[in-house]
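Chain by chain, the residues run as shown.
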Amino acid sequence: MVRPDMTKPSLRPDQTGWLIAAAGLSLAPHASHLPLAISALCLLLLLWRGLLNHRGAPLPSRSLLLLIVAVMASLVLLEFRHFFGKDPGIALLAGLLSLKLLETRSPRDGRAVLLLSFFMQLGQFLYQQHMGIAALALMGTLAAVGAMLALQGRPEPVGQRIRVAGTLVLQGLPLMVVLFVLFPRVPGPLWGLPADAFNRSTGLSDTMTPGDIAHLSESGAIAFRAAFQGASPPPPAERYWRGPVLSRFDGRSWHQGPTTRLSKPAYTPQGPAHSYILTLEPHNQRWLLALDFPASAPERIHTDNFQLLAREPVRERVRLALVSYPQTPVGLQERTVTLSEALTLPPTGNPRTRALGERLRTQVTRPEDIPDHLITFFRQSRLTYTLSPQALGEDDVDSFLFDTRQGFCEHFAGAFVFALRAAGVPARVVTGYQGGELNPVDGTLVVRQSDAHAWTEVWLEGRGWVRIDPTAAAAPRRLEDGLAAALGGEGRIPLLARGDLVWLKALRNQFDALNNRWNQWVLGYNQGRQQEMMAWLGLHQAGWQELAALMSGALGLVMAVLAGWILRNRHKIDPIDRSWLTFCRRLSALGFPRQSWEGPIEYTRRVSTLRADLADPVLAIGTGYALLRYGQNPADHALLHRFHQSVKRFRPR
Amino acid sequence: MRAARSPRRILERWLFRVGDPEPSPVQLGQRRIFVLPTSFGLALGASLLVMLLASINYNLSLGFALTFLIAGTAWVSIHHAFRTLIHLGVRAGRSPAVFLGEAAVFSVILDNPADRHRRGLQLWPTGSPSPEETFDLSPDTTQVIKITVATHSRGWLQLPRLTLESRYPLGLIRAWSLFQPELRCLVYPALEQHSPSLPFGDGPRPGDRGRQGGTDDFAGLRHHQPADSPRHIAWKAVARGAPWQTKEFEGHSARVIWLDWNTLPPSMDVETRLSRLARWVVEAERAGVDYGLRLPGSSHPPGQGEPHRHACLKMLALHGSPGHD
């Protein structure tokens, strides 16, 4: 439906005002992550537009706008060095929205501004999704709805407009709740994420410093998926997905040692096989995170420390058909250079752990028993597994093992390897992912960044490299039930542990609890939660078909209510008339219907002559109605009350 | 546009259940109201789809919430748009006659029996560009809307099919209804631009009485005859109780003019003849002479005054049309 629209009406000031408000509210939360210069420029442009609108001044010329576009583009380029990816994209979009307002002349331009605002509101959720942001987004939506109303209707006072917009949004709320709860959730992503999505933290790196994996674990992004063919996937305790093997320690961080590339695996696969399709999300690195230990995979590179690598960094989603043999013995004949590197420690540092190693070396006769003794030591030390350990001292390993006794998997693995090396047992850190969550709908195993893990490999004579996961010593549930179970209800920040601020602490706890609910039920409302919800409703193992059916039913219900509201066409009847009509109905039931030409006085007079027994109340009501309707003082409360009462009591037989 | 008219009409008939002009009042029930998204609505729909995909991909729970909230609000606006039109009443008003070439103005009366505002309404002939301006109906009110239609031929002009539309509240949804109340406007023939002056010359023939009843200068009183024009009766005298008398006037125009189709040059075509006669009718009325009209097959006796003028012009307007009434 295209109509010639030659004379585009210009916008009224109130319409422009609403547009500025909607754009401003959508842009405001982005100030927390946008470069300062761009935030300032956006604010300046918005203020400028507001000023022009206030004064009714003409909009700036096209050439000036082009100049501002150039300035903005160079600011983005200066800050990010390129235009691609999430951050520069959002920055550009923010600038464009502010600029678009400066050339918004017609309602059509205004609508484009609103669509851009909605995108900006969505964009801020890439960075933060806490409750304040949600409230701000709600206000932004309200302002955008107000702007749509302003574009469509006549000028109205702001309060009135907000009320109407609020009513609309409130009426839309039931639909929103139904869709939010019942829209079938699939574990994303549907396609590759930009390399810089989620704070550039989508994956392991080739070094490991305490805190790295803990940081990575806060991301719920999917690392890869594995669809096991035929049999069920291996038990959780066997799900070790190998990433970089770190054998060098510089006193603080673990690094990869030199590796040799092989065209075939350095072992002979044995034991039960698991074949699966691994769908790897791009992480811009070369490791392929195969389940230990993959059989020969053509076109891929094997290394002497049992990794599987791609020839190029993985920059887009890849699918790999792999077969793994978890129980294969590996590294039975290891080269001495590898073993000696697996024994190397920095010359100084962590004296207490070194002493522990020495003690183990002297006390334990057989070297292959040393790891077990060390595990026992770990267990007896009551180490706590936590995402947010206390800050470590100068000697990381010592202070973890003997002072703070709080750490995440990288602390456990690093300390374990350090102690073993001190005891003369070759050992190294292996990073990768552990576990994964089985998606009941399609049966794939979904492995997320929060499954990132670090464990150890110990070389024992006659057994080769043996995997030992020291984290399991402190938090056995990490292996079986995943990270969240192992951490329990731990608060992220051990803040305000002081005893003198009880009320503040209580407040903080309340807020934390609320936040936790928010995180669990709103932000964390995923497929699993949806399944729980369905189970709670008595619908176990609901697939997307059941969900879709339920959603349609609920939507139909909401819409039926809305439709009923539309078609309701009740006239408001004045209470006096209602009483009078009741009275007439009752007389009519007795056989005295009111004739259309009869006024109240004539009618009641006629009835009173026919039914002398009813004469008093009938005449009183007739006179009362005539007085209330046509009399001098229609607002006579006493009369009104008397009239209603006498009609109510009038029940002739 | 014209070529597509016929199949389009058939489609409209079938789809929108519109047929011949309907007697007033027309009630807009739910079957007569149609809703479709506007281009803005479609754009928002596409944007919401993109936002939904992004929410799925990035697993943005609040993204889902935002997308669904906007979608819910947009959906509610469908109901609001529907509610703007439903249970409105449409009645035909007046449509004064016009000359061909002038715009016909039809009055259409909209009744809002409900106790709520109806906002952002537009009413215009279906197929022509919609007006920029919108109007609102207050609760329990009646409003007269003037529909202006260009005239292209003389005779009866039926009020064209009308579109009543509202995009209130959000501009995402267009709710409309089509109807055609029974209302006709008479279109007189076009007035000839440079017509010769009134044909006085043919009027008085030799042998007529030298004096004929004109209207310019008072010449005296005579006895009343039943055929005399009421406006020439000496009402003051009647009011005093005197016998009925008729005022006599004298002047150069004091005669009857016959506006006769047959006196026009034979080379003139029908429409030009009608245009000239229409012009003469208007001028004769203005000049205040009695005039009669003769057309092939019909004629109108001499007279003057607004009803007489209308009768003559109507005769011209409907000349040649079958069963004119």
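Residues numbered from 1 in each chain as written. Chains lettered and ligands numbered in written order. Predicted model: local features only at pLDDT ≥ 70, side-chain atom pairs only at ≥ 80, totals over all residues.

Attention now goes to the overall build of chain A. Looking only at helices and strands, chain A has 23 helices and 16 strands in total. By the burial criterion, 37% of the 653 residues in chain A qualify as buried. Counting only contacts in chain A whose residues sit at least 6 apart along the sequence, the fraction spanning at least 24 positions is 73%. (Helix = DSSP H or I, 4+ residues; strand = E, 2+ residues; numbered from the N terminus. Buried ≥ 20, exposed ≤ 12 C-beta atoms within 10 Å, placed from the backbone. Contact = placed C-beta atoms within 7 Å.)

Helix and strand content of chain B: six helices and 17 strands. Counting over 325 residues, chain B shows a buried share of 33%.

Moving on: the environment of B:R276. All names here are of chain B. Its location among the elements puts R276 in helix α5 (residues 270–287). Expressed as a C-alpha distance, the spacing of R276 and S197, which sit 79 residues apart in the sequence, is 9.9 Å. Excluding residues within four positions of it along the chain, R276 makes contact with E192, S195 and L264.

With that out of the way, let us pick up the environment of B:S47. Within the secondary structure, B:S47 sits in helix α2 (residues 39–58). Look at B:S47 and you get partly exposed, because 18 C-beta atoms sit within 10 Å. The spatial distance from the C-alpha of B:S47 to the C-alpha of B:T67 is 9.2 Å, given a sequence separation of 20 residues. Beyond its immediate stretch of four places on either side in the chain, B:S47 contacts A:L115, A:F118 and A:F119.

It is worth spelling out the sheet that holds strand β9 (residues 155–158) of chain B at this point. Residue and element names in this part refer to chain B. One open sheet holds the three strands; their spatial order is β4-β12-β9, and the pairing between them is mixed. Here the strands that pair on one side only, and so sit at the sheet edges, are β4 (98–99) and β9. Relative to strand β12 (residues 184–188), β9 runs antiparallel, the two being bridged by four bridges. What sits directly across from G155, in β12, is V187. Packing of helix α6 (residues 306–317) onto the sheet brings it into contact with β9 and β12, and relative to β12 it is tilted by some 90 degrees. (Pairing = 2+ DSSP bridges. Axes fitted to C-alpha atoms, helices over the stretch in contact; angles between N-to-C directions.)

The next thing to look at is the packing of helix α3 (residues 62–80) of chain A against helix α4 (residues 86–102) of chain A. Residue and element names in this part refer to chain A. At a minimum axis separation of 10 Å, α3 and α4 run at an interaxial angle of 165 degrees. Between α3 and α4, the crossing angle belongs to the class labelled roughly antiparallel. Here α3 runs over α4; the crossing is right-handed. In this structure, α3 uses L65, I68, V69, M72, V76 and F80 to contact α4, whose residues at the interface are D87, P88, A91, L92, G95, L99 and L102. Classifying every residue of the contact of α3 with α4 by side-chain character gives eleven nonpolar, one polar and one charged. (Parallel < 35°, antiparallel > 145°, perpendicular 65-115°, else oblique. Left-handed = near helix turned anticlockwise from the far one by under 90°. Nonpolar A, V, L, I, M, F, W, Y, C, P; charged D, E, K, R; others polar.)

Residue and element names in this part refer to chain A. Here chain A averages 82 in pLDDT, and 87% of its residues register 70 or above. Confidence drops under pLDDT 50 across residues 195–201; counting only partners more than four residues distant or on other chains, this segment forms 14 contacts. Within the model, the stretch residues 489–499 combines pLDDT values under 50 with eleven contacts to residues more than four positions away or in other chains. (pLDDT = per-residue confidence, 0-100.)

Right, let's get into the sheet that holds strand β2 (residues 222–228) of chain A. The pairing of strands in a sheet happens through backbone hydrogen bonds and is either parallel or antiparallel. Residue and element names in this part refer to chain A. As summarised here, the arrangement of the five strands in space is β9-β6-β2-β14-β13, forming an open sheet in which the pairing is antiparallel. The open sheet is flanked by β9 (318–324) and β13 (437–438), the only strands paired with a single partner. Sheet topology note: the strand β6 (residues 274–280)/β9 ladder contains seven bridges and is antiparallel. Of the residues in β9, the one forming a bridge with I277 is A321.

Taken together, the contact pairs 45 residues of chain B with 49 residues of chain A. Counting residues per element, the ones that place at least two in the side of chain B that touches chain A are α2, α3 (61–85) and β6 (118–125) of chain B. Take the side of chain B that touches chain A: its biggest share by element is 18 residues, from α3(B). Along the lines of polarity and charge, the residues of the side of chain B that touches chain A split into 26 nonpolar, 14 polar and five charged.

Next up on the list: the nonpolar core. Residues A:A22, A:A23, A:A94, A:V145, A:A147, B:L277 and B:V281 are the most contacted members of the largest nonpolar core, which totals 123 residues. The element contributing the most residues to this core is α3(B), with 15 residues. If near-sequence neighbours (up to four positions away) are discounted, A:A147 is found in contact with A:W18, A:L19, A:A22, A:G110 and A:L114. A:A226, A:F293, A:F408 and A:A423 belong to the second largest nonpolar core, which has 69 residues in total. (Core = buried A, V, L, I, M, F, W, Y, C linked by C-beta atoms within 7 Å.)

This brings us to the packing of helix α1 (residues 13–27) of chain A against helix α6 (residues 131–152) of chain A. All names here are of chain A. It is the contact of α1 with α6, at a shortest axis distance of 8 Å, that shows an interaxial angle of 160 degrees. Put simply, α1 runs roughly antiparallel to α6. Crossing of α1 over α6 shows left-handed handedness. Counting all contacts with α1, which are made through D14, Q15, W18, L19, A21, A22, L25 and S26, the residues of α6 involved are L136, M139, G140, A143, A144, G146, A147, A150 and L151. The residue makeup of the contact of α1 with α6, split by class, is twelve nonpolar, four polar and one charged.

All names here are of chain B. Covered by surrounding structure in strand β15 (residues 256–260) are I257 and L259 only, the residues V256, W258 and D260 on the alternate face being uncovered. Of the pairings in the sheet, the one linking β15 to strand β16 (residues 290–295) comprises five bridges and is parallel in character. Looking at the pairing, W258 lines up with G292 of β16. Chirality of the crossover, the property in question, places the unit of β15, α5 and β16 among those that are right-handed. (Right-handed = clockwise from strand over helix to strand, strands pointing away.)

Glancing now at helix α11 (residues 370–380) of chain A. Residue and element names in this part refer to chain A. Taken together, the buried positions of α11 are occupied by I370, P371, L374 and F378. What you see down the axis of α11 is that its buried residues fit within an arc of 95 degrees, all on one side. Turned more than 90 degrees from where α11 packs its buried face, D372, T376 and Q380 sit exposed. Following α11 by one or two positions, R382 adopts a phi angle in the positive range, close to 50 degrees. (Arc of directions from axis to C-beta.)

Attention now goes to helix α10 (residues 351–363) of chain A. All names here are of chain A. For α10, which comprises 13 residues, the first-to-last C-alpha distance of 18 Å matches the rise-based estimate of 18 Å (1.5 Å per residue) to within 8%. Within the sequence span of α10, burial applies to T353, R354, L356, G357 and L360. Projected onto a plane normal to the axis of α10, the buried residues spread over an arc of 155 degrees and lie on a single side. Opposite its buried face, α10 presents the exposed residues P351, T362 and Q363, each directed more than 90 degrees away. Packing partners of the buried residues in α10 comprise α11, α12 (396–404) and α13 (409–422). (Expected span 1.5 Å × (residues − 1).)

To continue, consider the confidence of the model for chain B. All names here are of chain B. Taken as a whole, chain B shows an average pLDDT of 83; of its residues, 86% reach a score of 70 or greater. Mean pLDDT in chain B bottoms out at strand β13 (residues 217–223), which sits at 65, and peaks at β4, which reaches 94. Scored below 50 in pLDDT, residues 202–214 shows 17 contacts in the model against residues more than four places distant or in partner chains. With pTM at 0.61, the complex prediction returns an ipTM value of 0.76.

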